[in-house]
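Observations on the three-dimensional arrangement
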Amino acid sequence: MGGFSAASAAERCAVGIHTSPSSPVSHPRSRRQQQPAPPVRRRRLAAPLAVSRRSLLVPHAVAASTDRASPEVRTLPPPPSARKRLDGLLTSLPFLSCRAQAVGRFNLESNSELQVTVNAAPQGAIAEINFEATNTSGSLVLHWGALRPDRGEWLLPSRRPDGTTTFKNQALRTPFVKSGDNSTLRVEIDDPAVQAIEFLLFDEARNKWFKNNGQNFLIQLPTSRNQGQGASGATAVPEDLVQIQSYLRWERNGKQSYTSDQEKVEYEAARAELTEELNRGVPLEKLRARLTETPESSERDAPASKTTATKELEKRASKQEKKKKKYSVERIQRKNRDITQLLNKHKPGVTKEQVQAAPKQPTVLDLFTKSLQEGDDCDVLSRKLFKIGDKEILAIATKALGKTRVHLATNDAEPLILHWALAKKAGEWEAPPSSIAPSGSTLLDKACETSFVESELDGLQYQVVEIELDDDGYKGMPFVLRHGETWIKNNDSDFYLDFKTKVTKKAKDTGDAGKGTAKAFLERIADLEEDAQRSFMHRFNIAADLVDQARDAGLLGIVGLFVWIRFMSTRQLIWNKNYNVKPREISKAQDRFTDDLENMYKSYPQYREILRMILSAVGRGGEGDVGQRIRDEILVIQRNNDCKGGMMEEWHQKLHNNTSPDDVVICQAIIDYIKSDFDISVYWDTLNKNGINKERLLSYDRAIHSEPKFRSDQKEGLLRDLGNYMRSLKAVHSGADLESAIATCMGYKSEGEGFMVGVQINPVKGLSSGFPELLQFVLDHVEDKSAEPLLEGLLEARVELRPLLIESSERLKDLIFLDIALDSTFRTAVERSYEELNDAAPEKIMYFIGLVLENLALSTDDNEDILYCLKGWNQAMEMVKQKDDQWALYAKACLDRTRLALASKGEQYYNMMQPSAEYLGSLLNVDEWAVDIFTEEIIRGGSAATLSALLNRFDPVLRNVAHLGSWQVISPVEVTGYVVVVDKLLSVQNKSYDKPTILMAKSVKGEEEIPDGVVGVITPDMPDVLSHVSVRARNCKVLFATCFDPNTLSELQGHEGKVFSFKTTSADVTYREITESELMQSSSANAQAGEAIASLSLVKKKFLGKYAISAEDFTEEMVGAKSRNIAYLKGKVPSWVGIPTSVAIPFGTFEKVLSDDTNKEVAQNIQMLKGRLAQDDFSALGEMRKTVLDLTAPTQLVTELKEKMLSSGMPWPGDESDQRWEQAWMAIKKVWASKWNERAYFSTRKVKLDHDYLSMSVLVQEIVNADYAFVIHTTNPSSGDSSEIYAEVVKGLGETLVGAYPGRAMSFVCKKDDLDSPKVLGYPSKPIGLFIKRSIIFRSDSNGEDLEGYAGAGLYDRLVNFFHETRFTHMLKNSFSITAKECACFSVPMDEEDQVVLDYTTDALITDSGFRSSILSSIARAGHAIEELYGSPQDVEGVVKDGKIYVVQTRPQM
């Protein structure tokens, strides 16, 4: 069989036993396998997954019984290179030669056997092979293929038993059927050319393979079936000769690097050459002799031998294979999976209770601390809390009014004596001067004894000692306690208060310190930090003690724990201070902490993402010998290599007393130094790149003063032993080290020579059968320059691991560390591949983006949006293959959505982590720069940053292919002004600029106002063309454009303060710097831009006696233009355009309800709040909206509204329940309250309208449960082309389109003289769609909408996404101290919408061009019909339901 043989495939699944036959076997196939195999067609066997001197614990083959005749077994030795890699690692078993029979029995285990029978069949008929395995589990699988004389590889028959699957297109896998204690299976073969089947057995539950003496089982079929088959056919060329010939061709062609397809062509060309020779009559023996350079008789005389020439050829082929990994880089075959199987919907949330949890009852020591801190000019120099059993003792050094004092307080009620001294250096005990000893003290030779004094605070008893120092250069105070004759110490050590420890004095609690954190928990961490600094053992034990408290504090508690551990891992906290600890004690403490994290990972899936971060920062740890190896094996290195002095001895002393993650770096630095032929600069370069300098080496308790220095004869032994030692260091300290993570999961054992002595790690159970091979592939390719195959292997391994990570399997912690290591290796490989992508085709870049997205999804708790982004990229790649000319436009939408997902992830991390980093950093005196970049560094180190870099590379490529250019002009106006750079348009929307200003705004969301004095806004953001800010810019003649080129943006931002002129077309922007004199001369260009609209006034509306009216009563005195337009359309639009049924609550109703006797208190409160507004107290706006919600509905209003709704055919909410009416009433009040939203209030002020004169009617409509929603502008707003309709479409309800929901809608244009040919300008990138069941919606309809030239409609009718924290609501809340829902200016549905993460790959509007053209044409036709009805350009809103168009409102286009 050939290099792609089924035997090889099986061996890659489970590293098995290979032996040579004890005697020659006459079977020609066996002889053929004795020949060498060049690398052209051979697949490498999986090497042991552990590195040198560690052998994997692999499933061993069980020898077949010899007490019966056994079927013939074909000898299938591994390729020579694979045999070499197995030498010394696996124990040989005796070879058992068997002859084929129709019936065979094989012993599988002591109490289990396999019986195989073959039912004889006439020539050409179906043969049956029956298998029965006794005393087996229910998870037995047959791994098999068929053999034909004309094929060198397994044939995979098309006739297969139920449940059969294909394994990598090389073998079949068929499950046995469990019957009692036995398992049975029947295989039918209908191909008369098949002479035998070959197989292995695999027990999936036990991850165990069964073989026949290390070989495949083989069952020959009755020869009567095969008579006449192939007898007269041409002689097949043996595969081993084809391999040799292809190798020789490769050498003749200059040893080129072939692609996979080229390799196949070359291989078949070699076969054709040999076939031609055989057809010319050249004997096979002569052909073999020529190729192998052996005498022709050698095959007959010594079939199992290898000649010198053959061995040389094999050596050359093996060497080339090792160097080139065959002609092309090997690739694994990824399984076809439904991407949505990777879906996680675990959303870590912060509840109000967690953020604002009631503080714990302060202890007497808390009160004591507070009393000191509140003293005048009192600075806390140091503070330390010690545990003494179930009691505590607090030691604080303070400085007040120029005097230094030490205070010791305890909640222990037993009488205590303080035995204390002072120290000018560490470890010193010096008796204090008598002048500072407290009254009643007893001076001793080296110490002083002072009794504690009882005291009380807030009714709580405690004991205290106060000592005033003379500031004579003391560094600290050592002490112990005595109760009678019993001495109390600090874990067998003295207590010690370091006077020089800096403590940040807490500011008076204004409520802002620690906001958005688990504040009490972080303060508890700060109290314990000094004890944690003693050693890693102390830190990890304290961390383990805190796990339950972190969990009880919820998400912010887990985040707080992570922040603390992250500060530690980045060397912001002290690792060791005056304390010696054995490595095994450190690893045991690590093990305890990581075990606790593992248990939380099992029980709280919503925290898994953060828990993974903690684990990756901690390292693995381990009980007993895991840590002890660090201590013992350094001695082995010194003994083996004669290096017992100098730097190695200093390092040895550090390792013995306090090993740390620095030791991994030091070990790598020594290895690099040796590999560089002892270039000491390489040693320092490795250290410095990993944050270790000379000062740090000297700072260790056992300092490293010397540099390494070795002899050349020590090189080989040191590299070998340090390589082994590195694995012990990484096993304890490195959570993300791939090699040690794989070895731990796959199993390894000691092989002597002083390393890993007595260690045996068993493989993790439950891993899939091909997993060892997959991990070996990863290790083989981890340093390949071409990263794509490696990335595929890493992802496949992570996907295979995922079920075990979800199911909380045995040894979950080891699997988590393996997944972390695979993730880390993936990110490194992607970063290494950037150069490879410089000139790559778009398809390849998209493929890489897809790989990185998949990796990100596997590390994210809530990954639904990411997965749908991934599906989008896959669809874009499919469009490229199909040569769809829309692929670039669609891919651009995928890119934009992916960027939004990354921005959302970054914002989530920042809001979740940064407050904790800032508060804990202040408590622990962490460097300010480290705190400032805390979240940024977390993001930078993850897959999101890698993905962002790929998107930035690809964006200009897509824009070029899609002919999108670098600009999108939303409001084309020629302007001149001063360049001003701002972060967010929202932050300056209420500001007035006193000279013409062009804002470079880094963020524009879509709901902002244009500030006074602004004539232009340039942004990298992409608000919808029909968003509020876009409409406002066009109305006010303000330039508004999106710039997609970061270099152009950076250039413009660099000109801040200078005067520029901007000119636009519909698709481009040109600009130049001008002088201030030119600015004055160009005043005509800015004459109207950005200026407020003058001469506007409102007419105050009155209540005309009706609480509710039907559509036929919609008049200017009763309702706004929105309601009147809907009534006008009824019966006038084409029949295929639906108009929703409507009623209204008219103008003046709010004021009438407010004047009702039941609402007197509400009226008084509103009047008071109006007074505050008059004084520019804008916080009153939020209170005003709250107050409106307290209104009570008059009975007459309820009666009239019910009557009008029912008579119009609308359902009455109160018929369902009283609670449903209350929901409707609340929605009505929210519409009235929207009069006082910030945007509406400031907009009326801007145009000098009297806000009191704004009147609000309420349009009541039945909601159409839309498939899609749209907005039409019947004149293209970007170009001003009146012959062209412009429209935008979203999936679901229209609030995502007209509100500030992130992402872009689908946009298209359509010529009015060709309404059947819509042209898509952009595909949608909005991640969220809103959907709702049958319900009622209440829409604001103000008299402000009736003002000509004033876009008042946008003030009230936009449902903004205030239900979820966004940057907009966050800013408003900070500015006005209001809640998210209170900010809303919206149409209010009676029921809350369902937010759905959108999958556009299943949306017919995207995937079906015919459906898309039909829907878009219908939308354009509806807009055109309404424009013709009114005789002027219209702004139309509507929805699509089951293909039918509904118009819900129209107004003149501004």
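In what follows, the accompanying structure is described. Each chain has its residues counted from 1, following the order in which its sequence is written. A pLDDT threshold of at least 70 governs which residues receive local features in this predicted model, and a stricter bar of 80 or more applies before side-chain atom pairs are shown or counted, although totals over entire chains, interfaces and linings include all residues. As a convention, hydrogens and water are excluded, and side-chain values are obtained from all of the structure's heavy atoms.

**Things to note about the overall build of the chain**
- Put simply, DSSP marks the helices as runs of H or I at least four residues long and the strands as runs of E at least two long, and each gets a number from the N terminus on. Helix and strand counts for the chain come out as 45 helices and 45 strands.
- Per-residue accessibility, obtained with a 1.4 Å probe over protein chains only, is compared with the maximum for each type, and a residue is labelled buried under 20%, exposed over 50%, and partly exposed between these values. Residue burial in the chain is summarised as follows: out of 1454 residues, 56% are buried.
- In the chain, the share of contacts with a sequence separation of at least 24, taken over all contacts with a separation of at least 6, comes to 72%.
- Accessible area of the chain: about 60000 Å², with a carbon and sulfur share of 47%. Only heavy atoms enter the contact rule, under which two residues are in contact if any of them lie within 4.5 Å. The protein chains shown are the only cover counted for residues, whose accessible areas, like all others here, come from Shrake-Rupley with a 1.4 Å probe.

**Considerations on the packing of aromatic side chains**
- For Phe, Tyr and Trp, rings pair up if their centres lie within 6.5 Å, where Trp contributes its six-membered ring, and each pair is then called stacked (planes under 30 degrees apart), edge-to-face (over 60) or tilted (otherwise). The final tally for this structure, using the stated rule, is 33 aromatic pairs.
- With a centroid separation of 6.4 Å and 40° between ring planes, the pair formed by Phe1060 and Phe1062 is classed as tilted.
- Aromatic rings pair up to connect Phe1150, Trp1212, Trp1221, Trp1225, Trp1232 and Trp1236 into one cluster.
- Above the face of the Tyr978 ring, Lys995 is positioned so that its terminal group lies 4.1 Å from the ring centre. Criterion for a charge above a ring: Lys NZ or Arg CZ within 6 Å of the ring centre, and within 35 degrees of the ring normal.

**Digging into the sheet that holds strand 35 (residues 1256-1262)**
- In short, DSSP must find at least two bridges between two strands for them to pair. Pairing is antiparallel across the open sheet formed by 5 strands, whose spatial order is 32-34-35-41-42. One side of each edge strand has no neighbouring strand; the edge strands of this open sheet are strand 32 (1109-1110) and strand 42 (1388-1389).
- Here strand 35 runs beside strand 41 (residues 1336-1342); their pairing, made up of 7 bridges, is antiparallel. By the bridge assignment for strand 41, Val1260 is matched with Phe1338.
- Contacting strand 34 (1142-1145), strand 35, strand 41 and strand 42, helix 40 (residues 1218-1233) runs over the sheet at an angle of about 20° to strand 41. Here an angle of 0 to 180 degrees is reported between the N-to-C directions of two axes, which are lines fitted to C-alpha atoms, with helices fitted over the stretch in contact.

**Examining the environment of Met613**
- Mapping Met613 onto the fold places it in helix 15 (residues 608-618).
- Between the C-alpha atom of Met613 and that of Ile820, which follows or precedes it by 207 residues, the distance is 8.8 Å.
- If we skip the residues at most four places from it in the chain, Met613 touches Phe562, Tyr909, Met913 and Ile938.

**Quick look at the nonpolar core**
- To qualify as a nonpolar core, a set must consist of buried Ala, Val, Leu, Ile, Met, Phe, Trp, Tyr and Cys residues joined through side-chain atoms within 4.5 Å. Trp564, Phe593, Ile614, Trp873, Met913 and Ile1419 are the most contacted members of the largest nonpolar core, which has 165 residues in total.
- Here the element with the most residues in this core is helix 28 (residues 887-924); it accounts for 18 residues.
- Among the nonpolar cores identified, the runner-up in size contains 39 residues, and Ala1224, Ala1233, Met1256 and Phe1338 belong to it.

**Describing the environment of Glu796**
- Its place among the elements puts Glu796 in helix 24 (residues 788-806).
- With relative accessibility at 4%, the residue Glu796 sits in the buried group.

**Some points on the pairing of strand 20 (residues 476-483)**
- Extensive coverage of strand 20 is indicated by the burial of 7 of its 8 residues.
- Alignment of strand 15 (residues 417-420) against strand 20, held across 4 bridges, turns out to be antiparallel. In the strand pairing of strand 20, Leu418 is matched with Leu481.
- Here strand 20 pairs with strand 22 (residues 495-498) via 4 bridges, running antiparallel. The residue bridging Pro478 from the neighbouring strand is Tyr496, located in strand 22.
- Pairing of strand 20 with strand 21 (residues 486-488) involves 3 bridges; the strand directions are antiparallel. Bridge pairing in strand 21 links His483 to Thr486.
- Between strand 20 and strand 21, which pair antiparallel one after the other, the connecting turn spans 2 residues, and Gly484 there sits at a positive phi close to 65°.

**Some remarks on the sheet that holds strand 27 (residues 992-1003)**
- One open sheet accounts for 7 strands, arranged 25-29-28-27-26-30-31; its pairing is mixed. Looking at which strands have only one partner, the edges of the open sheet turn out to be strand 25 (967-971) and strand 31 (1069-1073). If you compare each strand with its neighbour and ignore which way they point, the axes differ by 35° on average.
- Bridge analysis of strand 26 (residues 975-984) against strand 27 gives 6 bridges, and the strand direction is parallel.

**Section: the pattern of salt bridges**
- A side-chain nitrogen of Lys or Arg and a carboxyl oxygen of Asp or Glu constitute a salt bridge if their distance falls within 4 Å. Enumeration over the complete set of coordinates arrives at 76 salt bridges.
- Each of Arg334, Lys335, Arg337, Glu796, Glu800 and Glu854 takes part in salt bridges that share partners, so that together they form one network.

**Some words on helix 21 (residues 715-733)**
- An ideal rise of 1.5 Å per residue puts 27 Å on 19 residues; helix 21 measures up with 26 Å between its terminal C-alpha atoms.
- Burial analysis of helix 21 places 15 of its 19 residues in the buried class, which makes it a mostly covered element. Expected helix span is taken as 1.5 Å per residue step, with the number of steps being one fewer than the number of residues.

**Considerations on the packing of helix 15 against helix 28**
- With their axes 13 Å apart at the nearest point, helix 15 and helix 28 run at an angle of 70° to one another. It follows from the interaxial angle that helix 15 and helix 28 lie roughly perpendicular. Across the interface between the two elements, Glu609, Ile610 and Met613 of helix 15 pack against Lys905, Tyr909, Met912 and Met913 of helix 28.
- Of the residues belonging to the contact of helix 15 with helix 28, the class tally is 5 nonpolar, no polar and 2 charged. An angle below 35 degrees is treated as roughly parallel, one above 145 as roughly antiparallel, one from 65 to 115 as roughly perpendicular, and anything else as oblique. Classes in brief: Ala, Val, Leu, Ile, Met, Phe, Trp, Tyr, Cys and Pro nonpolar; Asp, Glu, Lys and Arg charged; the others, Gly included, polar.

**A closer look at the pairing of strand 41**
- With respect to burial, strand 41 is a largely interior element, 7 of its 7 residues being buried.
- Pairing of strand 41 with strand 42 involves 2 bridges; the strand directions are antiparallel. Each residue of the ladder has a partner; that of Ile1337, found in strand 42, is Pro1389.

That is the geometry; function is a separate question.
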